[in-house]
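For reference, the chains in residue letters:
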Amino acid sequence: MIFPLFLTLQASWLTVCQATQHYPATWGHYDLCKSQGYTEEGLTWYYMACQPEAADMTKYLKVTLDPPNITCGDPPETYCTLENPYMCNNECDAATDELAHPPELMFDIVGRNPTTFWQSTSWKKYPKPLAVNITLSWNKTIELTDDIVITFESGRPEQMVLEKSLDYGRSWQPYQFYATDCLDAFTMEPKTMKDITQHTLLDIICTEEYSRGYVWKNDKTVRFEIRDRFALFAGPKLHNMASLYGQLDTTKNLRDFFTITDLRIRLLRPATGATMVDENNLSRYYYAISDIKVHGRCKCNLHANSCIYDKEKLTCECEHNTTGPDCGRCKRNFQARAWSAGSYLPIPKGTANICMANYAGPVIRQNISSLGVANRNQARVCDSELLRCQNGGVCVNYVRCQCPPAYTGLLCEKPRCEKEPGGCGGSDSGQASLHPPSLILLLLLGGIFLTEICWITVL
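Structural notes, computed from the coordinates. Just so you know, these numbers come straight off a predicted model, no measurement behind them.

What follows covers the overall build of the protein. Looking only at helices and strands, one finds eight helices and 25 strands in the protein. The buried share of the protein, reckoned over its 459 residues, is 45%. Residue pairs in contact within the protein that sit at least 24 positions apart in sequence constitute 65% of those at least 6 positions apart. Of the accessible surface of the protein, which amounts to about 24300 Å², a share of 53% is contributed by carbon and sulfur atoms.

And the structure:
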């Protein structure tokens, strides 16, 4: 009965292996925090660096506008089109659902017909600047993984700044400046991504690429190029992610560059379509945004492979005996070694840098700190349903089994008499013939063995 079940388990595990083999080893997906291996002493946990999957982060943000009354519709207002000043049939009325354009429509489903969008009031206070700050807040540290894309329903602004915060909006740094004339607007020479190199990747530039000239129907996006910056290390098609991860691991400023808690879009001057503003028809000038894309992942310091959203808050589901919103500290009773972020290196599994249990005394701690990377990330546990101590063993501090005299091994699964003359069935053993291992243990060990084969195959 056991053997057919084992074959079934083996077939299932080989299916998993085949499903994971399509990942090139150079990518380093870091989607698994730990795996089990079987050593001479028994079952052992092996820990790896891990991180959550990238996702659409606009599902989890809070948006605020400054000034707060800048959204159109209160009072109702009629707008003209930029390209035809005599076509003034666009209405905005906050009290009517079909005519309202609230901020949440910047993040709704793309492709709706008619298009939904947020819209500001018109430039009726000209020549006072029509300035709007749109702040996107996550209350969580986020790592960007793709371009930030803002799609305008109106013409793209003639002056705009994209800013980031790393301290929940207490301070701000520019990401990029946008203008029809960078020298005039920001006293900066215009540049594009073609001017950026590995050595100048952290430079803040002003670009005219997304602002110049009248914006036609199919050309309404403004970008902050994340992928092009990744490509400086990973290649044009991002095939060499190992190189990028190596750079992120060894250069803190580079990692911080792609890390945010908040984004701010500062709209400073709307599209005018000409050099002169038509003061007799200011209802032509306004901002309207139909979509904002921000793709990224929760920053968990390589100590979690999932992030949960509960009570309007993102939190890492921490592994490696770490805790905190970003897995930024060791759990209580696991502070035998100072906390450290995980490492992307060595590719592809990285280094977990787990927090160690406090049970070790000073001498043992010194020995732990002197071990190699592989041994430091190897820990013995007996705190799960399938990894209980066997044969009357007692779990001590969740890290080792204290075995009765007749048994040994990580989970007390080995009869000590196996090493005696004649083995456990011999006349000198002093022990009766043993029952075969439990079915659960056999299945578990078989799965672990196949897991290791799977890793070898992938690598």
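Moving on from the coordinates now.
Going through the model one piece at a time under the given rule, you end up with 14 aromatic pairs. Centroid distance Trp123 to Tyr285: 6.2 Å. Interplanar angle 85°. Geometry classified as edge-to-face. Of this pair, Trp123 sits in the loop between β7 (118-119) and β8 (132-144) while Tyr285 sits in the loop between β14 (259-269) and β15 (288-293); the two residues are 162 residues apart in sequence, bridging distant segments of the chain. Grouping residues by exposure puts Trp123 and Tyr285 together as buried. Of note, Lys34 hangs over the ring of Trp45, and the distance from its end group to the ring centre comes to 4.6 Å.

To continue, consider empty space enclosed by the protein. Tallied over the entire structure, the rule returns two cavities of 30 Å³ or more. Put simply, the largest cavity is a space of about 70 Å³. Lining the largest cavity are Cys50, Gln51, Pro52, Glu143, Arg255, Cys298, Lys299, Cys300, Asn301, Leu302 and Tyr344. Residue classes in the lining of the largest cavity are distributed as six nonpolar, two polar and three charged.

Turning next to the nonpolar core. Within the largest apolar cluster, 65 residues are counted, with the highest numbers of intra-cluster contacts made by Trp118, Ile134 and Trp138. Ranked by residues supplied to this core, first place goes to β8 with six residues.

In terms of backbone geometry, most residues other than glycine have negative phi values and most peptide bonds are trans. For the bond running from Asp66 to Pro67, omega is 0°, close enough to zero to count as cis. Considering the arrangement of structural elements, one finds Pro67 in the loop between β4 (62-66) and β5 (77-79). Look at the link from Tyr126 to Pro127: it is a cis peptide, with omega at 10°. Of note, Pro127 is situated in the loop between β7 and β8. Phi at Leu238 takes a positive value of approximately 55°, unusual for a residue other than glycine.

So, about the sheet that holds β15. The four strands are arranged β7-β15-β9-β13 in an open sheet whose pairing can be described as antiparallel. Edge positions in the sheet fall to β7 and β13 (221-224), since each of these pairs with one other strand and no more. The sheet contact formed by strand β9 (residues 148-152) and β15 spans four bridges and is antiparallel. Across the sheet, the residue bridging to Val149 is Lys293, located in β15.

On to the packing of helix α3 (residues 227-234) against helix α4 (residues 241-250). Close contact between α3 and α4 brings their axes to 7 Å; oriented N to C, the two are set at 100°. The angle between the axes of α3 and α4 places the two elements in the roughly perpendicular class. Between α3 and α4, the residues in contact are Phe230, Phe233 and Ala234 and Met241, Ser243, Leu244 and Gln247, respectively. Across the contact of α3 with α4, the residue classes break down as five nonpolar, two polar and no charged.

This part takes up the environment of Phe152. Mapped onto the elements, Phe152 comes out in strand β9. Separated by 70 residues in the primary sequence, Phe152 and Val222 place their C-alpha atoms 8.0 Å from one another.

To continue, consider the state of the cysteines. Tallied over the entire structure, the rule returns nine disulfides. Across the disulfide, Cys182 is cross-linked to Cys206 (sulfur-sulfur distance 2.0 Å). Residues Cys182 and Cys206 are joined by a disulfide whose S-S torsion is about -85°; by sign, that bridge is left-handed. On the criterion of sequence distance, the pair formed by Cys182 in helix α2 (residues 182-186) and Cys206 in strand β12 (residues 206-207) is long-range, its members being 24 residues apart. In terms of burial, Cys182 and Cys206 fall into one category: buried. Here Cys403 connects covalently by a disulfide to Cys412, the sulfurs 2.0 Å from one another.

Moving on, we get to the pattern of salt bridges. Tallied over the full model, the rule gives twelve salt bridges. The partner of Glu319 in a salt bridge is Lys34, with the nearest N and O atoms 3.7 Å apart. One end of the pair, Glu319, is in the loop between β18 (313-316) and β19 (322-323); the other, Lys34, is in strand β1 (residues 34-39), and 285 residues separate them in sequence. Assessed through its relative accessible area of 30%, Lys34 is described here as partly exposed. The shortest N-O distance in the salt bridge between Lys293 and Asp291 comes to 2.7 Å. For Lys293, a relative accessible area of 42% puts it in the partly exposed group. Its relative accessible area of 7% is what places Asp291 among the buried residues. A single salt-bridge network, built from bridges that share partners, covers Glu163, Arg264 and Arg266.

So, on to α3. Three or more residues of α3 are buried, namely Arg229, Phe230, Ala231, Phe233 and Ala234. Looking at the buried positions of α3, the neighbouring elements they touch are β8, β11 (173-179), β13, α4 and α5 (252-257). Immediately beyond the C-terminal end of α3, within one or two residues, lies Gly235, with a positive phi of roughly 90°.

As a further point, take the pairing of β9. Counting buried residues in β9 gives four out of five residues, a clear majority hidden from the surface. As paired elements, β9 and β13 share four bridges and run antiparallel to each other. Looking at the pairing, Thr151 lines up with Thr221 of β13.

Reading guide: rules and limits
- Residues numbered from 1 in each chain as written.
- Predicted model: local features only at pLDDT ≥ 70, side-chain atom pairs only at ≥ 80, totals over all residues.
- Heavy atoms only, no water.
- Helix = DSSP H or I, 4+ residues; strand = E, 2+ residues; numbered from the N terminus.
- Buried < 20%, exposed > 50% of the residue type's maximum accessible area, 1.4 Å probe, protein only.
- Contact = heavy atoms within 4.5 Å.
- Areas by Shrake-Rupley, 256 points an atom, 1.4 Å probe, with all protein chains shown as cover.
- Phe/Tyr/Trp six-rings, centres within 6.5 Å; stacked < 30°, edge-to-face > 60°.
- Lys NZ or Arg CZ within 6 Å of the ring centre and 35° of its normal.
- 1 Å grid on protein atoms, 1.4 Å probe; cavity = no way out; pocket = protein on both sides within 12 Å on 5 of 7 lines; lining within 4 Å.
- Points joined across faces, edges and corners; volume = space filled by probe spheres on them.
- Nonpolar A, V, L, I, M, F, W, Y, C, P; charged D, E, K, R; others polar.
- Core = buried A, V, L, I, M, F, W, Y, C linked by side-chain atoms within 4.5 Å.
- Pairing = 2+ DSSP bridges.
- Axes fitted to C-alpha atoms, helices over the stretch in contact; angles between N-to-C directions.
- Parallel < 35°, antiparallel > 145°, perpendicular 65-115°, else oblique.
- Disulfide = S-S within 2.5 Å.
- Salt bridge = Lys/Arg side-chain N within 4 Å of Asp/Glu carboxyl O.

In short, geometric facts, not functional conclusions.
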